[in-house]
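What follows is the residue order along each chain.
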Amino acid sequence: MPDELPEDSKLTRTKQRWAEQGRFITGRTSRPGEDRLPPGQHLVKNWPVLDLGIEPAIALSSWRLDIGGEVDTPMALNWDAFIALPQVEHTSDIHCVTSWSRYDNRWNGVSTQELAAHAGIRPEAQFAILTSHDGYTTNLALADFLAEDALLAHSWEGAPLTAEHGGPMRLVVPHLYFWKSPKWLRRIEFATADHPGFWEVRGYHNHGDPWREQRYS
Ligand SMILES: Nc1nc2c(c(=O)[nH]1)N[C@H]1C(S)=C(S)[C@@H](COP(=O)(O)O)O[C@H]1N2
Ligand SMILES: [Mo]
């Protein structure tokens, strides 16, 4: 893991400027179940790649997922231990804050609820603080992390998740904007206090609900 984040790229600076300007805000609200497409979003058929510009190469033999903080059993799962956990399949929509959405993504992996139970999450835990191999960070309230359809995904559409989309494993939290779904997940820290992540300190909303257009803070 890099000690420091990379210099903000041109794309990062552009997205930060959009946050300052309130780009893509429509002021409309809609509800899941009524409209499938959240306000200000447009549908794409392809799958854009968005990240800090670093694509870590992670061999399965050296892959580890650290789970720490407010848990009974801090652990460093290796790939075999991760894959041995009970598996789930969820199909969900992606909503990126830069205004594209993509329907019907079929994910396979381990549910966040399963993982939390495996580590023995303590009642003091209120937040999940996530750190990735490229230095990216993001933060989730525990209830969002533990959403029914949230999972640590290793496969998409029946095939291993490609490196550009976060393989070997990324988090998927479908009910929030996609910046809350870290690629190349390295560490989950269950914390009593919130720690805003990479985009949250650069003007993005702390919660990120697409149905309420929580794009920027
Ligand atoms: N590790 C990591 N995860 C990340 C990012 C990143 O830069 N690094 N970018 C986030 C953002 S802003 C988006 S929109 C999605 C993009 O995921 P995709 O490239 O698979 O479409 O990843 C999110 N997770
Ligand atoms: Mo994004």
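Residues numbered from 1 in each chain as written. Chains lettered and ligands numbered in written order. Predicted model: local features only at pLDDT ≥ 70, side-chain atom pairs only at ≥ 80, totals over all residues. Heavy atoms only, no water.

Take the site of ligand 1 next. Around ligand 1 sit 21 residues, and of these Pro48, Asp134, His165, Arg170 and Lys183 come closest. For ligand 1, an oxygen atom lies 2.7 Å from a polar atom in the side chain of His165. Between ligand 1 and Arg170, the relevant distance is 2.7 Å, taken from an oxygen atom to a side-chain nitrogen or oxygen of the residue. Taken atom by atom, the bulk of ligand 1 overlaps the largest cavity. Along the lines of polarity and charge, the residues of the shell around ligand 1 split into 13 nonpolar, 3 polar and 5 charged. (Near = heavy atom within 4 Å. Polar contact = N/O pair within 3.5 Å; in protein donor to acceptor, adjacent residues only side chain to side chain. 1 Å grid on protein atoms, 1.4 Å probe; cavity = no way out; pocket = protein on both sides within 12 Å on 5 of 7 lines; lining within 4 Å. Sits in = over half its atoms within 2 Å of the grid points. Nonpolar A, V, L, I, M, F, W, Y, C, P; charged D, E, K, R; others polar.)

Burial within strand E8 (residues 151-156) is extensive, with 5 of its 6 residues counted as buried. Pairing geometry for strand E5 (residues 100-111) and E8, over 5 bridges, is antiparallel. Its bridge partner being in E8, Asn108 is matched across the sheet by Ser155. As judged from the 3 bridges shared by E8 and strand E10 (residues 170-172), these two strands associate in the antiparallel manner. Opposite Leu152, over in E10, you have Leu171 as the bridge partner. In terms of strand pairing, E8 meets strand E9 (residues 159-160) through 2 bridges, oriented antiparallel. Across the sheet, residue Trp156 finds its bridge partner in E9, namely Ala159. Between E8 and E9, which pair antiparallel one after the other, the connecting turn spans 2 residues, and Glu157 there sits at a positive phi close to 55°. (Buried < 20%, exposed > 50% of the residue type's maximum accessible area, 1.4 Å probe, protein only. Helix = DSSP H or I, 4+ residues; strand = E, 2+ residues; numbered from the N terminus. Pairing = 2+ DSSP bridges.)

This paragraph deals with the sheet that holds strand E6 (residues 127-132). Taken together, 5 strands build an open sheet; the order of strands is E3-E2-E11-E6-E7 and the sheet is mixed. Edge positions in the sheet fall to strand E3 (75-78) and strand E7 (137-141), since each of these pairs with one other strand and no more. Across the sheet, the axes of successive neighbouring strands diverge by a mean angle of 20°, strand direction being ignored. When strand E2 (residues 64-69) meets strand E11 (residues 185-191), the two strands line up parallel, connected through 4 bridges. Looking at E11, one finds that Gly68 is bridged to Glu189. Packing against the sheet, helix H3 (residues 112-119) makes contact with E2, E3 and E11, and its axis sits at approximately 130° to E3. (Axes fitted to C-alpha atoms, helices over the stretch in contact; angles between N-to-C directions. Contact = heavy atoms within 4.5 Å.)

Attention shifts here to the pattern of salt bridges. Following the criterion strictly, the structure yields 12 salt bridges and no others. Between Arg36 and Asp93 there is a salt bridge whose closest N-O contact spans 2.8 Å. Of the two residues, Arg36 is situated in the loop between helix H1 (10-21) and strand E1 (42-43) and Asp93 in strand E4 (residues 88-95); the sequence distance between them amounts to 57 residues. Classification of Asp93 as buried rests on a relative accessible area of 16%. The partner of Glu200 in a salt bridge is Lys180, and the shortest N-O contact between them spans 2.8 Å. Here the residue Glu200 occupies a position in the segment after E11, and Lys180 occupies one in the loop between E10 and E11, the gap between them amounting to 20 residues. Assessed through its relative accessible area of 8%, Glu200 is described here as buried. (Salt bridge = Lys/Arg side-chain N within 4 Å of Asp/Glu carboxyl O.)

Functional significance is not addressed by these values, which are geometric in nature.
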